[in-house]
Amino acid sequence: PEFFLDLIEHKPFREILRDLDIADEEQLDLFDTLDVDGSGSLDFEELIHGIAKLRGDARRSDIISVSLMVRAMQADITAFEKRVQKNINKLHGKLRAQVHH
């Protein structure tokens, strides 16, 4: 991330990004957007693929993809919430049993 932040400070690089239809306000968050695997680094494929996807309007397939990801995340969060509630109930029961002894 540091190298990318240094790179974004150089006017020629910012101009290249503008030529690629990446707005100035999107440039600062560009690293996080392009780092799809969350590794903290960008490989060449992530950079090229990500910038290509950023250009122009979102396609229907992009919107559907994001929608499916959101649904999957909602399902994961719901499952997590159920597991947490189950554990809370178990702990509450154990605590109640300890108090009554």
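Owing to the predicted nature of the structure, the values given are computational and were not obtained by experimental measurement.

Draft legend 1. Region of interest: the overall build of the protein chain. In terms of helices and strands, the protein chain carries six helices and zero strands. The globule rule puts the C-alpha radius of gyration for 101 residues at 13 Å, and the 22 Å found for the protein chain is more than 25% above it. Each of the three principal axes of the protein chain carries a C-alpha extent, and together these read 75 × 35 × 25 Å. For the protein chain, the proportion of its 101 residues judged to be buried stands at 14%. Sequence-distant contacts, at least 24 apart, represent 31% of the contacts inside the protein chain between residues at least 6 apart. About 8500 Å² of surface is accessible on the protein chain, with carbon and sulfur atoms providing 59% of the total. Side chains of the protein chain give 14 positive and 20 negative charges; the mean places of these two sets differ by 16 Å.

Draft legend 2. A look at a nonpolar patch on the surface. Judged by side-chain polarity, V66, M69 and V70 come together as a nonpolar surface patch covering roughly 260 Å² of accessible area. Within the element layout of this structure, V66 appears in helix α6 (residues 60–100).

Draft legend 3. Focus on a negative patch on the surface. On the surface, E25, E26, D29 and D32 cluster together into a patch of negative charge. Overall, D29 belongs to the partly exposed group, its relative accessible area being 48%.

Draft legend 4. The nonpolar core, seen in detail. Within the largest apolar cluster, nine residues are counted, these being F4, I8, F13, L17, I22, L30, F31, L34 and I51. Elements that contribute at least two residues to this core include exactly α1 (2–8), α2 (11–19) and α4 (30–34). In contact with F31, other than residues within four places in its own chain, are P1, F4, G40, S41 and L42.

Cut-offs and rules
- Residues numbered from 1 in each chain as written.
- Predicted model: local features only at pLDDT ≥ 70, side-chain atom pairs only at ≥ 80, totals over all residues.
- Heavy atoms only, no water.
- Helix = DSSP H or I, 4+ residues; strand = E, 2+ residues; numbered from the N terminus.
- Rg over C-alpha atoms; globule rule 2.2 N^0.38 Å.
- Buried < 20%, exposed > 50% of the residue type's maximum accessible area, 1.4 Å probe, protein only.
- Contact = heavy atoms within 4.5 Å.
- Areas by Shrake-Rupley, 256 points an atom, 1.4 Å probe, with all protein chains shown as cover.
- Lys, Arg positive; Asp, Glu negative; His and termini not counted.
- Charge placed at Lys NZ, Arg CZ, Asp CG, Glu CD.
- Patch = residues over 30% accessible without salt bridge, like charges linked within 9 Å, V, L, I, M, F, W, Y side chains within 5 Å.
- Salt bridge = Lys/Arg side-chain N within 4 Å of Asp/Glu carboxyl O.
- Core = buried A, V, L, I, M, F, W, Y, C linked by side-chain atoms within 4.5 Å.

These figures capture arrangement, not role.
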